[in-house]
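# Topology and contacts: notes
Each chain, written out:
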Amino acid sequence: MCWEKPETGGVSMLIILEKILISNLKKSTLNCMTSAKTHASLSVKTVIVPAAGMGTRFLPATKTIPKELLPVVDTPGIELIAQEAAQLGADKLAIITAPKKREVLAYFDRYPALETMLEARGKTHQLEKVRNTNNLPTPIAVEQTEPLGLGHAVGLAEQVLDDDENVVAVMLPDDLVLPMGVVVKMMEVRAQLGGSVLCAFEVPHEEVYNYGVFDIEDAPDYHGDYVVKKVRGMVEKPAVDDAPSNFVATGRYLLDRAIFDALQRITPGAGGELQLTDAIALLIDEGHPVHILVHDGKRHDLGNPGGYIPAVVDFGLADPVYGPHLKKVLREILDEHGA
Ligand code: G1P
């Protein structure tokens, strides 16, 4: 580390206040983002980003580099998530982090010496890239000291919510859901049907055991352009033969504040962990409306090399600088491998 950095562990009120102040100042100059702020901004202020995992599927790189900082071309996955949260109009990014993963929060700190150097050398494009993080929702560290599961991680974020927040979004940084913006659509569904709305994909039946799986029925009350289903139940990582469908949860949740109360009442489930899925299932049992929006797009799993590599290729091919060359080289590589 070659720049001065405030400590990021725990929820430091000083850092929070300072960052909210900076963020508010920044927002007055942020015309492009302001225009993206629809009615959604009135509702979702906080996006919860669980990022405390050890990244075991990505060892050995994750011995020292948090997987959320691995670049998709040149931009870490965590910044892509923060961009999606900005698009939703959120003010705060509650990043659930582990004691050994402070770099994830540090990534959002300003780096004045680097900015000065780039400015002096006229490297405006790079300067713009470095400054991009200044225009994102305010990151707040919420430390999870023990790996007790996704449900536990999400539950910890309640401490950063204001009293008037009755809905939160959860975005899992492993899941890159494209095109970006599915949660904005989920907001529209919630505006019509209330309750909680989750993003779903259909996967081949034999793959359902990796996911939270939905038991669904038609949603006759929904009138709109998206594919929306009502959720009757939800089960985390079922055996293939027990799965109620092949519609699975994929990393984007719009949850009513009632979720935090439900999270207090669940017991360890699949894998011995406190599961977000079980808290959602509990809410459904108690009559809380839960719907899925079946996403019309694609998804990359950044949490393991098998999903990360295609994501980098996908973003690389779309990149105006790297795309043309990559296309040519990929064809050569495919030929070489007889593919
Ligand atoms: C988590 C959730 C699961 C969801 C999945 C989507 O599982 O628990 O319900 O389907 O994310 O990526 P994980 O992949 O963290 O084991």
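Everything below is about the structure printed above this text.
My aim in this report is to walk through the structure given alongside it, one point at a time. If you're wondering where the values come from, they're calculated on a predicted model, not measured in any experiment. Position numbers for residues count from 1 along each chain, tracking the sequence in the order it is written. Reporting of local features is limited, given that this is a predicted model, to residues whose pLDDT is at least 70; pairs of side-chain atoms are given and counted only at 80 or more, and all residues count toward the totals for whole chains, interfaces and linings. Excluded from the side-chain calculations are hydrogens and water; all other atoms, namely the structure's heavy atoms, are used.

With that settled, the discussion passes to the overall build of the protein chain. Strands here mean DSSP runs of E at least two residues long; helices mean DSSP runs of H or I at least four residues long; both are numbered from the N terminus. In terms of regular secondary structure, the protein chain is built from twelve helices and 13 strands. Exposure is judged per residue with a 1.4 Å probe applied to protein chains only, and the accessible area is read against the type maximum: over 50% gives exposed, under 20% gives buried, and values in between give partly exposed. Of all 339 residues assigned to the protein chain, the portion counted as buried reaches 47%. In the protein chain, the share of contacts with a sequence separation of at least 24, taken over all contacts with a separation of at least 6, comes to 78%. Accessible surface for the protein chain amounts to roughly 16600 Å². Of this, 55% is attributable to carbon and sulfur atoms. Contacts: residue pairs with any heavy atoms within 4.5 Å of one another. To measure how exposed things are, a 1.4 Å probe is used in the Shrake-Rupley method; for residues, cover is taken only from the protein chains shown.

Tracing the sequence through the fold places Asp109 in the loop between helix 4 (102-106) and helix 5 (112-120). A C-alpha to C-alpha distance of 8.0 Å links Asp109 and Thr133, two positions 24 residues apart in sequence.

Mapped onto the fold, His288 is located in the loop between helix 10 (276-285) and strand 12 (290-294). With residues near it in sequence (within four places) discarded, His288 still touches Gly195, Ser196, Asp256, Ala258 and Leu283.

As a further point, take the packing of aromatic side chains. When the centres of two rings from Phe, Tyr and Trp lie within 6.5 Å, Trp using its six-membered ring, the rings pair. Their planes under 30 degrees apart give stacked, over 60 give edge-to-face, and anything left gives tilted. Inspection of the entire model under this criterion finds two aromatic pairs. Relative to Tyr308, the ring of Phe58 has its centre 5.3 Å away and its plane inclined at 90 degrees; by these criteria the two rings are edge-to-face. Of this pair, Phe58 sits in the loop between strand 1 (46-50) and strand 2 (71-72) while Tyr308 sits in helix 11 (residues 305-318), and the two are 250 residues apart along the sequence. Across the pair, Tyr308 and Phe58 agree in class, each one buried. On the basis of an interplanar angle of 80 degrees and a centroid distance of 5.6 Å, the ring pair of Tyr107 and Phe108 is categorised as edge-to-face. You can call Tyr107 partly exposed: its relative accessible area is 27%.

On to the site of the ligand, then. Asp175, Gly212, Glu236, Lys237 and Ala249 are the nearest of the 13 residues found near the ligand. One nitrogen or oxygen atom from the side chain of Lys237 is found 2.6 Å from an oxygen atom belonging to the ligand. Coverage of the ligand by the protein amounts to 77% of the 380 Å² it exposes when considered alone. Top element by residues in the shell around the ligand is strand 11 (residues 247-256). It accounts for three residues. Proximity criterion: a residue is near a molecule or strand once any of its heavy atoms comes within 4 Å of it. Here a polar contact is taken to be a pair of N or O atoms separated by no more than 3.5 Å, where protein atoms must pair a possible hydrogen donor with a possible acceptor and residues adjacent in sequence count only if both atoms sit in side chains.

So yeah, pure geometry; function would need other evidence.
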